[in-house]
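# Examining the three-dimensional arrangement
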Amino acid sequence: MREASSTVTDDRERRLIAQVDSISNQLCQAVDGGFEFHVHTDSDEIALQKLAQLNNFVLDSVRRTIRDLQASRDELEIRVDERTQRLNLVLTATNDGVWEWDIDSGNITLSQRWSSMLGLPHEGGQRGLDDWLSRIHDDDRAEVQRSLYQHLDGLTSAVNVEYRIRDARDAWRMVVCRGLCQRNGDGVAIRMAGTQTDTTEQRLVDPLTRLPNGAYLDLLLQGRLARIPLAAMALVKFQLLNVASLFDGVAVDIAVAALRGLVQRMRRQLPPRVALIALPEHTFAMIFETDAADRLNDALEPLEALLAQPVEIDGQQVWLSHVSGIAALNPAEPVSADEWHHRSRLALANARLSGVGSRRYYSEPLRHWERQTSHAEQLIRGALATRGVRCFVQPIVDASTGEVRCFEALMRLHEPNEGIVAPVSFIEVAERSGLIAPLWEMLMEQALPMLKDGAICERFGDSFSLSVNLSTRQLMDPHLLDTMIAILSRHDVSPRRLQIEVTETSVLSDPARAFRILDRIRGAGISVALDDFGSGYSSLAQLTSMPMDTVKIDRELVMNVTTLPRKRHVLSAVIALCQRLDYRIVVEGVEERETLNILCDWGVTDIQGYLYSRPLPLDRLVADFTPPRPCRVRGAGRAASGSSLPAA
């Protein structure tokens, strides 16, 4: 009986072990990461059934946890992907490429965007830092390295450096590099990462014309000058002088559109490989691969022919003026980019002085002219700063009475080392630079008091007038009359004692405007004289239309009048015409008594010249000049009546 009971017990134990082993074998699937199963048992044992059920509960919990984790991972991947897309969109929109520098290995990883912005194939993987640095402009490389290592050493809070980098077309791009270091708990740099932003369009494009700008020209010049062997080239600068006319009376956006359309038409007149580059003051630059003047002239003629046509803008036609300056480069005598620039600027400046449509080439005499101009400007500025303006006067004498009718105030400058400087050395520069106005005002401050000076009035009376010259720039100043009235009031001088002298050239620069200003000046009581009549281009039509009171006949018509009959005929005719038009006449440059006698015979009385006096310092006037005796008139009015001329 005990044996049977023992056998039953053994069988039960074997079945339990087998069932437990079955459950264990089923659970082994979980060891391999599989949880998609259920534990089951055929045993009637309550304990085994509970064990199987408990395992199934655990498996269900594990499966739910796995599903939750998978869902969280999927959501995270979606969010990462979205943020990656957003970051890529931002980097693309900002034209940024990403770089990462592994400090320990020294290798750098560049993004596809980094490569594509330079037109380079994206090779992927890592490369040496030198692969990046080698593409940077020689003049910028040291600054980039300094910026990287200063941040690496903890001297700066970030990398922020701008530089030029060569692209796949061997052209230069302007970029800004920014970056930050990642450091471990000990503050040791592990890696550095950042972006490279292409700023070429912002830095190398002129916003008004949308052409390449001066910074781009500098890169081109440096690149051309670095070529070996150096080729013959020419830098041409082309300036539009009156672009402001496009903006008169039209909306700004319409004028800008017209200007952009014009520069694109200008670009099409050039050879395809010649870039048109926009510089300040409506100046454009071009580099031609030749230094031959005939070829350069041929290349510029289509451009000039285009500008000979009007620009259509808002139903109007606007004609533009231009000048050009050319600096040819001799390969045997290379120069720096700055010197090349400078030579072209000198040629352009000379072209502006030569007149509309002028084309000038650089030559060494221009360098001498520049030095003289610079010296003159420094002389003027020094005189203004030290009150070195000096007033000289030359009398205009009524030859028939010996009375001084007027004193012409003449400007001189005093320089400590050079002494008194004649106007031929500085007047042109003063007018061109705009310094003539303060010089003129300083002259007037010295000249006007002579009208009330006791010693001068005792010697020459108190009815003589003062005559002063005006430059073209002054004549076109809308505030000229206000300035003159103010200075006359300050010295308590009547406008009727002042005369201004203008040349025909200054009036012809803008006749309608000049006439309006002269009318206002005469209306205020100030007399107007036409100066230097007969010295160059003279229009008889101006004698009938110009608002003036006096004609001053230049010494060019007076010289040799005693020996050249034709000269006498011309001078006689001019004087007779002015007399019939009721102009007061002043003849300048009279140096000989016989010339004076001829003029007096023709009824001319107001004489200015060395015969009576050279220009004198104002403070020496009373001491050095005494009014002359009257001139004996041998036959007054003969020029006016048309009678024969006296023999030479």
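Please refer to the structure higher up on the page.
What counts as what
- Residues numbered from 1 in each chain as written.
- Predicted model: local features only at pLDDT ≥ 70, side-chain atom pairs only at ≥ 80, totals over all residues.
- Heavy atoms only, no water.
- Helix = DSSP H or I, 4+ residues; strand = E, 2+ residues; numbered from the N terminus.
- Rg over C-alpha atoms; globule rule 2.2 N^0.38 Å.
- Buried < 20%, exposed > 50% of the residue type's maximum accessible area, 1.4 Å probe, protein only.
- Contact = heavy atoms within 4.5 Å.
- Areas by Shrake-Rupley, 256 points an atom, 1.4 Å probe, with all protein chains shown as cover.
- Pairing = 2+ DSSP bridges.
- Axes fitted to C-alpha atoms, helices over the stretch in contact; angles between N-to-C directions.
- Core = buried A, V, L, I, M, F, W, Y, C linked by side-chain atoms within 4.5 Å.
- Salt bridge = Lys/Arg side-chain N within 4 Å of Asp/Glu carboxyl O.
- Expected span 1.5 Å × (residues − 1).
- Phe/Tyr/Trp six-rings, centres within 6.5 Å; stacked < 30°, edge-to-face > 60°.
- Patch = residues over 30% accessible without salt bridge, like charges linked within 9 Å, V, L, I, M, F, W, Y side chains within 5 Å.
- Parallel < 35°, antiparallel > 145°, perpendicular 65-115°, else oblique.
- Left-handed = near helix turned anticlockwise from the far one by under 90°.
- Nonpolar A, V, L, I, M, F, W, Y, C, P; charged D, E, K, R; others polar.

The next thing to look at is the overall build of the chain. From N to C terminus, the chain includes 24 helices and 23 strands. By the compact-globule yardstick of 26 Å for 648 residues, the chain is too spread out, its C-alpha radius of gyration being 46 Å. On the principal axes, the C-alpha backbone points of the chain span a range of 185 × 55 × 55 Å. Going through the 648 residues of the chain one by one, you find that 42% of them count as buried. Here the contacts in the chain between residues at least 6 apart in sequence split such that 63% fall between residues at least 24 apart. Counting every atom, the chain has about 34,000 Å² of accessible surface; 50% of that belongs to carbon and sulfur.

Turning to the sheet that holds strand β13 (residues 359–361), a few remarks are in order. Strand order in the open sheet made by the 5 strands is β8-β9-β7-β12-β13, with mixed pairing throughout. Strands at the two margins of the open sheet, each flanked by one partner only, are β8 (277–279) and β13. Each strand axis lies, on average, 25° off the axis of its neighbour in the sheet, ignoring direction. Alignment of strand β7 (residues 233–240) against strand β12 (residues 322–329), held across 8 bridges, turns out to be antiparallel. Within the sheet, the bridge partner assigned to M233 lies in β12 and is L329. Strands β7, β9 (283–288), β12 and β13 of the sheet are contacted by helix α10 (residues 337–354), whose axis makes an angle of about 145° with β12.

Core analysis: the biggest nonpolar cluster contains 85 residues, and I500 and I521 have the highest contact counts within it. Sort the elements by how many residues they give to this core and helix α13 (residues 436–447) lands first, with 7 residues. Not counting residues within four places of it along the chain, the set of residues in contact with I500 comprises V468, L470, M484, L518, I521, I526, S527, V528 and A529. Grouped together as the second largest cluster of nonpolar side chains are 32 residues, L240, A255, A258 and M266 included.

Locating E594 in the fold gives a position in helix α22 (residues 593–601). It is 9.4 Å that separates the C-alpha atoms of E594 and V561, two residues lying 33 residues apart in sequence.

Turning next to the pattern of salt bridges. Within this structure, the stated rule accounts for 23 salt bridges. Here R224 ties to E289 by a salt bridge, and the two come within 2.8 Å at their closest N and O atoms. Of this pair, R224 sits in helix α7 (residues 214–225) while E289 sits in the loop between β9 and α9 (293–307), and the two are 65 residues apart along the sequence. Owing to a relative accessible area of 13%, R224 belongs among the buried residues under this scheme. Since its relative accessible area comes to 42%, E289 is described here as partly exposed. Its salt-bridge partner being E339, residue R367 comes within 2.2 Å of it at the nearest N-O pair. Taken together, the positions of R367 in helix α11 (residues 364–386) and E339 in helix α10 put the pair 28 residues apart, joining distant regions of the chain. Residue R367 is classed as buried on the basis of its relative accessible area, which comes to 14%. If you follow the salt bridges from partner to partner, you end up with E339, R343, R367 and E370 in one network.

Over its 23 residues, α11 extends 33 Å from the first C-alpha to the last, a length consistent with the 33 Å expected when each residue adds 1.5 Å. Buried residues of α11: L366, R367, T373, A376, L379, I380 and A383, and no others. R387 lies just past α11 and shows a positive phi near 55°.

Turning next to the sheet that holds strand β5 (residues 172–183). The 6 strands are arranged β3-β2-β1-β6-β5-β4 in an open sheet whose pairing can be described as antiparallel. Every other strand in the sheet has two partners, leaving β3 (126–128) and β4 (159–166) as the edge strands with one partner each. Averaged over all adjacent pairs, the angle separating strand axes in this sheet is 30°, with direction ignored. As paired elements, strand β1 (residues 96–102) and strand β2 (residues 107–110) share 3 bridges and run antiparallel to each other. Residue pairing across strands places W101 opposite I108, the latter belonging to β2. With respect to the sheet, helix α5 (residues 138–152) is in contact with β1, β4, β5 and β6 (189–198), its orientation differing from that of β4 by roughly 150°.

Looking now at the packing of aromatic side chains. This model, assessed by the stated rule, comprises 6 aromatic pairs. With a centroid separation of 6.4 Å and an interplanar angle of 90°, the aromatic rings of W114 and W132 are classed as edge-to-face. Remark: W132 occurs in helix α4 (residues 129–133) and W114 occurs in helix α3 (residues 112–116); sequence separation between them is 18 residues. Note on W114: relative accessible area 1%, which makes it buried.

Along strand β20 (residues 550–553), one buried face is formed by T550 and K552 and the opposite face, lined by V551 and I553, is buried too. Where strand β19 (residues 527–533) and β20 come together, 3 bridges link them in parallel fashion. By the bridge assignment for β20, L530 is matched with V551. As paired strands, β20 and strand β21 (residues 584–587) are joined by 4 bridges and run parallel to one another. The partner of K552 across the bridge, within β21, is V586.

Among the surface-exposed residues, L54, F57 and V58 lie close enough to one another that they form a single nonpolar patch of about 300 Å² accessible area. Tracing the backbone shows F57 in helix α2 (residues 46–93).

Across the 9 residues of α22, 7 count as buried, placing the element largely inside the fold. For α22, the full list of buried residues reads T595, L596, N597, I598, L599, C600 and D601. Of the residues flanking the end of α22, it is G603, one or two places downstream, whose phi is positive at about 90°.

We now examine the packing of α13 against helix α16 (residues 480–490). Relative to each other, α13 and α16 sit at 25°, their axes nearing to 10 Å. With respect to α16, the element α13 is oriented roughly parallel. Note that α13 runs across α16; the crossing there is right-handed. Contacts from W440, E441, M444 and E445 of α13 reach α16 at T483, M484, I487 and R490. Residues that form the contact of α13 with α16 fall into these classes: 4 nonpolar, 1 polar and 3 charged.

A few words on the pairing of β7. In terms of burial, β7 is a largely internal element, 8 of the 8 residues being buried. Across 6 bridges, β7 lies against β9 in antiparallel orientation. Its bridge partner lying in β9, V236 is registered against M286.

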